[in-house]
Amino acid sequence: LAARLWGTGLSNLQLEGNLVHTSLSLADKQALGYTGRDDADLVNMLTTIEEADVAVIFVEQTPSFSKVSWRATPGIDITPVALRFGGGGHAASAGAEIRGTLDEVRARVLTATKEYLADTKATSDA
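Residues numbered from 1 in each chain as written. Predicted model: local features only at pLDDT ≥ 70, side-chain atom pairs only at ≥ 80, totals over all residues. Heavy atoms only, no water.

Caption draft 1: Up close: the pairing of strand 4 (residues 65–72). For strand 4, the buried fraction is high: seven of the eight residues fall into the buried class. Pairing of strand 3 (residues 54–62) with strand 4 involves eight bridges; the strand directions are antiparallel. Bridged to I57 within strand 4 is S69. Connecting the antiparallel pair strand 3 and strand 4 is a turn made up of two residues. Where strand 4 lies against strand 6 (residues 93–99), seven bridges are found, and the strand directions are antiparallel. Bridge pairing in strand 6 places S69 opposite G95. (Buried < 20%, exposed > 50% of the residue type's maximum accessible area, 1.4 Å probe, protein only. Helix = DSSP H or I, 4+ residues; strand = E, 2+ residues; numbered from the N terminus. Pairing = 2+ DSSP bridges.)

Caption draft 2: Representation of the packing of aromatic side chains within the structure. Counted according to the given criterion, the structure contains one aromatic pair. Seen in terms of ring centroids, W70 and F85 are 6.4 Å apart; in terms of plane orientation they differ by 25°. Their pairing is stacked. Residue W70 is found in strand 4, and its partner F85 is found in the loop between helix 4 (79–84) and strand 5 (88–90); the two are separated by 15 residues along the sequence. Under the relative-accessibility criterion, W70 is labelled buried at 0%. Classification of F85 by relative accessible area gives buried; the value is 17%. (Phe/Tyr/Trp six-rings, centres within 6.5 Å; stacked < 30°, edge-to-face > 60°.)

Okay, structure coming up:
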């Protein structure tokens, strides 16, 4: 069942520059009969995508609440983004539980993550 969930997540995969992201909706999980609240470790597999420095996965928990997980390659501390949303973690692995529809959460988190990566790159280039 986890492999089928991965298949759904991979079919939703998007690569934007050095950021890869995907989502798993309630409908996706229900269609598969997946009753878990997590991503079956899919986010860790996304870190193997060579072009991506950061992977983000959105897992809808209810129609107004989603779990977000970030993973980053060495040298990028993704924790500040998670903290911005009331979450936490450590440099390479962070998460948050965020209120809002899946689309709302995804839009807010992707904007914040892209801004953070751009700021981080600008700082490291200076």
